[in-house]
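The primary structure of each chain is shown beneath.
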Amino acid sequence: MMKIRSLFLYSSALVLAICLVFGLPFGLFVMRPVLPQQPTIISIQPGQSFTHIAETLEREGVVSSAFNFRILATLKGASRQVQAGDFNFAAATRPGQVLDRLVSGDTLRLQVTLPEGLTITQIAERLAEAGYTDCQEFQRLATDREFTQSLGVDAPTLEGYLFPETYRFGAKLPSRHLLRFMVDQFNKHLVQKWLDSANKLGLDLHQLVTLASIIQKETARTSEMPIIAAVFHNRLKRNMRLQADPTVIYGIENFNGNLTRHDLHTHTPYNTYTQRGLPAGPIANPGAKALRAAANPADVPYLYFVSKGNGSHKFSRTLREHNAAVRRYQLRHVAQVEKNQNEQSSDTAAPESDTAD
């Protein structure tokens, strides 16, 4: 109570002293809150002059006088302590409170959680939903080879190298800085021994990321990732097609959610049904667990797997076993869905052939 009273007396004395020195108009300026006509974001760039900042605040209706605001900052010794960033002003605020926010760096910050397995396009959509203003440039730079190489990524796009986690940043942060931070996070989480293990398996970094992205799209179960990795490694060793549905889907522009036999037989650089080896590049942005699994596959002989419909998979060593598993799980599931929806579709992707998924 004594501290509050002392603070009140000190503030009152300060305002009185200001009024005596600069007159009543300045005292009213200091004491009167200002309500902007609408919520506004003030962007302050590094090295920007305080005069320019004060004029912007007045123009946007955050303070009533740029001249008086400069005087206040000079009296507080704060004109050189303002932080760069985006500041959101929506409520009625006294000039002193405005100045305190500028000095403390109380900037507008977005929080965006990017789960494992999103593509560049899906990440841009998440950013837009969160209020990020540079999404188009984000997508353009993420698919610009010159920019990707400037970040140390030897690939035509940053697909696969944007690490999934929760990011907090200013709404007007330039996309090149955001992309650089995401790639830095990828590099920070990439373990050297994973690279060493991948090299022993015949994979360079880009191939490791590509395989990890496929694993990430095939399962969300951490326990299954090394087994699925083993299936793909075993098939690569035997020069078998990977036949992974997510790679086909990635190569289809504006995929409608219905993967057909026609899609499986339509060649794209990402269709692992029509070509051997890995696809042209990553099909999503994998997390650390998928990267680790791609570099450290389980020691199992499986060559096939099929979804059980509950998030887990049935693994098989031979095509005969796999076809039986397809009939048991996948075809039965398709039949049940068709029955429930009273639909008939002869073009459903449930191949009983040499397939990994």
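The structure under discussion appears in the preceding block.
All of these numbers come straight from a predicted model, not from anything done at the bench. (Residues numbered from 1 in each chain as written. Predicted model: local features only at pLDDT ≥ 70, side-chain atom pairs only at ≥ 80, totals over all residues. Heavy atoms only, no water.)

**Overview of the overall build of the protein**
Then step 1. Along the protein, the regular secondary structure elements total 16 helices and six strands.
Then step 2. The buried share of the protein, reckoned over its 357 residues, is 43%.
Then step 3. Pairs at least 24 residues apart make up 64% of the contacts formed inside the protein by residues separated by at least 6 positions.
Then step 4. Looking at the protein as shown, the accessible area adds up to about 19,200 Å², and 50% of this sits on carbon and sulfur atoms. (Helix = DSSP H or I, 4+ residues; strand = E, 2+ residues; numbered from the N terminus. Buried < 20%, exposed > 50% of the residue type's maximum accessible area, 1.4 Å probe, protein only. Contact = heavy atoms within 4.5 Å. Areas by Shrake-Rupley, 256 points an atom, 1.4 Å probe, with all protein chains shown as cover.)

**Re helix α9 (residues 175–189)**
Then step 1. Compared with an ideal rise of 1.5 Å per residue, which puts 15 residues at 21 Å, α9 spans 21 Å between its outermost C-alpha atoms and is within 8% of the ideal.
Then step 2. If you check which residues of α9 are buried, you get Ser175, Leu178, Leu179, Met182, Val183, Gln185 and Phe186. Considered in projection along α9, the buried side chains sweep an arc of 150° and stay on one side of the axis. (Expected span 1.5 Å × (residues − 1). Arc of directions from axis to C-beta.)

**Thoughts on the packing of helix α7 (residues 135–142) against α9**
A pair of packed helices is captured by two measures, namely the crossing angle of their axes and the spacing between those axes.
Then step 1. Two elements in contact, α7 and α9, have axes separated by 9 Å at closest approach and are oriented at 55°. Considered as vectors, α7 and α9 are oriented oblique to each other. In the packing of α7 onto α9, the handedness of the crossing is right-handed. Counting all contacts with α7, which are made through Glu137, Phe138, Leu141 and Ala142, the residues of α9 involved are Ser175, Arg176, Leu178, Leu179 and Met182.
Then step 2. Within the contact of α7 with α9, the residues separate by chemical class into six nonpolar, one polar and two charged. (Axes fitted to C-alpha atoms, helices over the stretch in contact; angles between N-to-C directions. Parallel < 35°, antiparallel > 145°, perpendicular 65-115°, else oblique. Left-handed = near helix turned anticlockwise from the far one by under 90°. Nonpolar A, V, L, I, M, F, W, Y, C, P; charged D, E, K, R; others polar.)

**Some words on the pattern of salt bridges**
Then step 1. On inspection of all chains with the given rule, the structure shows four salt bridges.
Then step 2. Residue glutamate 321 is joined to arginine 317 by a salt bridge in which the shortest nitrogen-to-oxygen separation is 3.5 Å.
Then step 3. Assessed through its relative accessible area of 32%, glutamate 321 is described here as partly exposed. (Salt bridge = Lys/Arg side-chain N within 4 Å of Asp/Glu carboxyl O.)

**Details of the packing of helix α12 (residues 225–237) against helix α15 (residues 288–295)**
Then step 1. Where α12 meets α15, the closest approach of the two axes is 8 Å, and the angle between their N-to-C directions is 45°. It follows from the interaxial angle that α12 and α15 lie oblique. Here α12 and α15 pass one another in a crossing that is right-handed. Contacts between α12 and α15 involve Met225, Pro226, Ala229 and His233 on the former and, on the latter, Lys289, Ala290, Ala293 and Ala294.

**What about helix α3 (residues 50–59)?**
Then step 1. Burial in α3 covers these residues: Phe50, Ile53, Ala54, Thr56 and Leu57. Viewed along the axis of α3, the buried residues span an arc of 160°, placing them on a single side of the element.
Then step 2. Tucked into the core, α3 has its buried residues touching β1 (40–44), α4 (66–76), β2 (85–89) and α5 (95–104).
Then step 3. In the stretch just after α3, glycine 61 is the one whose phi turns positive, near 80°.

**Some thoughts on the pairing of strand β3 (residues 109–113)**
Looking along a regular strand, one sees side chains alternate from face to face of the sheet.
Then step 1. Going residue by residue along β3, you find Leu110 and Val112 tucked away on one face and Arg109, Gln111 and Thr113 left uncovered on the opposite face.
Then step 2. Bridge count for β3 against strand β4 (residues 166–170) is five bridges, and the pairing is antiparallel. Bridging across to β4, leucine 110 finds its partner in phenylalanine 169. (Pairing = 2+ DSSP bridges.)

**What to know about the environment of proline 156**
Then step 1. Take proline 156: it is sitting in the loop between α8 (145–150) and β4.
Then step 2. Along the primary structure proline 156 and arginine 145 are separated by eleven residues, whereas in three dimensions their C-alpha atoms are 4.4 Å apart.
Then step 3. Other than its neighbours up to four places away in sequence, proline 156 contacts Thr143, Asp144, Arg145 and Thr148.

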